[in-house]
Amino acid sequence: MEQEKEGFKVSVSSRGGGAMRWLTIIVFVSLALFLLVAAKNMYRSQDYPTRTISVSAEEKRVVKPDIGLVTFTIREENASLEKARDAASKKSQAVVDFLKKNGIEDRDIKTTAYNIYPQEEYDYRPCVSSDGASVVCPPRKGEKKFIVQESFSIKVRKLDTIGSITTGVTQAGVNEIGQLQFTVDDEVLERLKFEAREAAIEKAREQAKVLAGNLGVRLGKLAGFNEYGGGPLYYGRDMGKGGIAMEASVAPAPSIQVGENEIIANVSLIYEIK
C-alpha cells in the first residue's frame, strides 16, 4: 500500500507479518508432534498388554482337626495388692501343674497376658436426711480393690481329653474360659494349602482355555496372578466378650464336638490374548 504525503512516497507491506505467523504455526505443530511421540513411547515402555482376559477359581480341602486351642484367665481381687497377687500366683501354679500332669507339654503352654490394676467401688445409694427422707447426693468412694489377671493359651493335642482339660483347669483356679477352636498341625496345614492352591490354578487354566475358545481368541502369556482368602476356616466356639465365668465346684466334663475344617484357596489368572 502506497501513500503520498508532502512529496514523500511511503510503501507498507504485510509480507513480513505473514512469514512470522507461518513460523509460529510450524513451531507449535512441531512441539505437538514431539509431545505425541513422547507420550506414545512412554505408554509402550510400561509394557501393558493391550487385551487381556481374567479367570478365577476356588478349591478347598477338608480336614479333621488334630489340635485344640484353648484360652483362659485367672482373676483375683483383694483390697491388698500383695494378697491378690499371691492368690493369683498360687492358682496359676496349680493350673500349670494340672496341665503338665495331663499331658500338656511346656511348649504348648503360653502366658499371653498379665495385668494388675486398681479398681475403686462407689456407693450410689441415696443419702438420708435427718427427717428420714431420701435425697440425691453424689456417689461416695467405697472400698478400693486390686485386680490381678493372668491369661493363658494352650494347645491340646489329644482331642479326646479336651473336655476333661477345660473342666480340670476351672477346678484348679481358672475363672474364665475365653475361646475354644480347632486347627491342624502347621506342617499339615501348609501341605493342604499348597494342594488347594495348585488345584485352583489348574482349574483356572482350564477355564481360561474354554473362555478363549468361546471368544474366538488365542491365549498369550500369563500377565498376572492373584491369590486371596487362602486361610483355613475354623469351626471353634467363642465364649464371647469376657468369656464365661466358671464356678469352682465340680462339674461334669462338657461334650466337645470337633467337626471339620476347610482350607480354601482362591486364585485369579490374567492372560494376554491374541
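Predicted model, so just to flag it, every value in this text is computed and none were measured. (Residues numbered from 1 in each chain as written. Predicted model: local features only at pLDDT ≥ 70, side-chain atom pairs only at ≥ 80, totals over all residues. Heavy atoms only, no water.)

1. Some thoughts on the overall build of the chain
Helix and strand counts for the chain come out as 4 helices and 14 strands. The buried share of the chain, reckoned over its 274 residues, is 28%. Here the contacts in the chain between residues at least 6 apart in sequence split such that 86% fall between residues at least 24 apart. As displayed, the chain offers around 18,500 Å² of accessible surface, 54% of which is attributable to carbon and sulfur atoms. (Helix = DSSP H or I, 4+ residues; strand = E, 2+ residues; numbered from the N terminus. Buried < 20%, exposed > 50% of the residue type's maximum accessible area, 1.4 Å probe, protein only. Contact = heavy atoms within 4.5 Å. Areas by Shrake-Rupley, 256 points an atom, 1.4 Å probe, with all protein chains shown as cover.)

2. Side note on the pattern of salt bridges
The final tally for this structure, using the stated rule, is 16 salt bridges. The partner of R107 in a salt bridge is E105, and the shortest N-O contact between them spans 2.9 Å. Relative accessible area serves as the criterion here: at 61%, R107 is assigned to the exposed category. Several salt bridges converge on common partners, so that one network encompasses E59, R61, R191, E195 and K203. (Salt bridge = Lys/Arg side-chain N within 4 Å of Asp/Glu carboxyl O.)

3. Some words on helix 2 (residues 81-101)
In a regular helix each residue adds 1.5 Å, so 21 residues correspond to 30 Å; helix 2 covers 30 Å between its end C-alpha atoms and thus fits that length. Within the span of helix 2, buried status applies to A84, A88, S92, V95, V96 and L99. Taken around the axis of helix 2, the buried residues stretch over an arc of 95°, which confines them to a single face. The exposed set on the far side of helix 2, more than 90 degrees from its buried face, consists of E82, K83, K90 and K101. After helix 2 finishes, the residue G103 shows a positive phi value of roughly 90°. (Expected span 1.5 Å × (residues − 1). Arc of directions from axis to C-beta.)

4. Some details on the confidence of the model for the chain
On average, residues of the chain score 80 in pLDDT, and 77% of them are at 70 or above. When mean pLDDT is compared element by element in the chain, helix 2 scores highest at 95, while strand 12 (residues 237-238) scores lowest at 40. Predicted confidence is poor over residues 5-14, with pLDDT under 50, and the contacts of this stretch with residues over four places away or in other chains come to 10 contacts. A low-confidence stretch, residues 234-250 stays under pLDDT 50, and its non-local contacts, those more than four residues away or across chains, total 36 contacts. (pLDDT = per-residue confidence, 0-100.)

5. Concerning the nonpolar core
One finds F72, V95, L99 and I154 to be the most contacted residues of the largest nonpolar core, which totals 21 residues. Listed by contribution, the elements that provide at least two residues to this core are strand 4 (67-78), helix 2, strand 8 (140-156), helix 3 (162-172) and strand 9 (176-183). For this core, the element with the most residues is helix 3, which contributes 4 residues. Here F72 is in contact with V95, L99, E150, S151, F152, I154, V169, V174, E176, I177 and G178, once residues within four sequence places are set aside. (Core = buried A, V, L, I, M, F, W, Y, C linked by side-chain atoms within 4.5 Å.)

6. So, the environment of D86
Relative to the helices and strands, D86 resides in helix 2. Residue class for D86 comes out partly exposed when judged on its relative accessible area of 37%. Separated by 10 residues in sequence, D86 and E76 have C-alpha atoms that sit 9.2 Å apart.

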